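So the chains spell out like this:
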Amino acid sequence: MFTKLLPAAALAALTAVAAPAFAHATLEVQEAKVGSTYKAVLRVPHGCGTEATHTVRVQIPEGFYSVKPMPKAGWTLEVVTGPYKTPFMNHGTEVTEGVKEIIWSGGNLPNEFYDEFVFRGSFGKDLEVGSTFYFPSVQECATGEEAWIDTTGAENAEMPAPKVTLIDADAHQH
């Protein structure tokens with residue numbers, strides 16, 4: 001009986017140690033090809049403390065273009081647009097402005113559950129292969145927020161922004 005409990009205890013200990021790593025807002029696919037389209041699935045793991053999340057905001061940094069968020073039942077969808085620092089060409093047309101922030105609001109994500117928020121866009125062809133691209137995100141609750149906005153890349157960051165690693169357009173994606 002002891003030999004059956006040992007693997008279970010080891011798995012439980014490993015899960016307990018690994019659990020904090022899963023408490024961050026993350027992107028489902030964490031690699032993206034430079035110059036290609038990317039479907040971002042933002043996973044929001046919980047509310048704020050014990051409160052439900054009612055708003056999710058995602059900043060769209062320079063270099064991610066032609067952004068289209070997916071509507072979500074029970075939530076109001078809004079986009080904030082603005083000028084790009086560097087225009088880009090889209091099928092022969094110069095594009096000088098686009099989505100800078102996506103806001104899903106008026107929803108109800110209780111702390112006991114997780115949810116996913118989806119948007120797509122294209123990474124610029126001039127972005128550096130091997131670099132990390134961040135999508136700072138904020139969850140708002142009745143009396144607080146969870147701001148996943150740390151873009152330092154520090155291993156011990158408490159509130160790291162969701163990120164993807166940019167890979168060569170010819171590379172195999174996992």
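Note: the structure precedes this text.
Residues numbered from 1 in each chain as written. Predicted model: local features only at pLDDT ≥ 70, side-chain atom pairs only at ≥ 80, totals over all residues. Heavy atoms only, no water.

Time to look at the packing of aromatic side chains. Taken as a whole and assessed by the stated rule, the structure comprises 15 aromatic pairs. Look at Tyr38 and Phe64: their rings are 6.4 Å apart centre to centre, the planes differ by 75°, and that puts the pair in the edge-to-face class. Of the two residues, Tyr38 is situated in strand S3 (residues 37-44) and Phe64 in strand S5 (residues 64-69); the sequence distance between them amounts to 26 residues. Joined through ring pairs, the aromatic side chains of Tyr38, Phe64, Phe119, Phe123, Phe133 and Phe135 make up one cluster. (Phe/Tyr/Trp six-rings, centres within 6.5 Å; stacked < 30°, edge-to-face > 60°. Helix = DSSP H or I, 4+ residues; strand = E, 2+ residues; numbered from the N terminus.)

The tally for this structure, following the rule as stated, stands at one disulfide. With its sulfur 2.1 Å from that of its partner, Cys48 forms a disulfide with Cys141. Of note, the bridge from Cys48 to Cys141 carries an S-S torsion of about 75° and is right-handed in sense. Of the two residues, Cys48 is situated in the loop between S3 and strand S4 (53-59) and Cys141 in strand S10 (residues 137-141); the sequence distance between them amounts to 93 residues. (Disulfide = S-S within 2.5 Å.)

One open sheet holds the five strands; their spatial order is S6-S7-S4-S10-S11, and the pairing between them is antiparallel. Sheet topology places strand S6 (76-90) and strand S11 (145-148) at the edges, where each strand pairs with a single neighbour. Neighbour to neighbour, the strand axes of the sheet diverge by 15° on average, direction disregarded. Where S6 lies against strand S7 (residues 93-109), eleven bridges are found, and the strand directions are antiparallel. Its bridge partner lying in S7, Val80 is registered against Glu101. (Pairing = 2+ DSSP bridges. Axes fitted to C-alpha atoms, helices over the stretch in contact; angles between N-to-C directions.)

Pairing is mixed across the open sheet formed by three strands, whose spatial order is S2-S12-S9. Only two strands of the sheet have a single partner each, and these edge strands are strand S2 (31-33) and strand S9 (132-134). Ignoring strand direction, the axes of neighbouring strands in this sheet form an average angle of 40°. Sheet topology places S2 next to strand S12 (residues 163-167); three bridges connect them, and they run parallel. Directly across from Glu31, in S12, lies its bridge partner Thr165.

Another point: unusual backbone geometry. Even without a glycine there, the phi angle at Ser66 is positive, about 55°. Mapped onto the elements, Ser66 comes out in strand S5. Although it is not a glycine, His91 sits at a positive phi angle of roughly 55°. As for its placement among the helices and strands, His91 is situated in the loop between S6 and S7.

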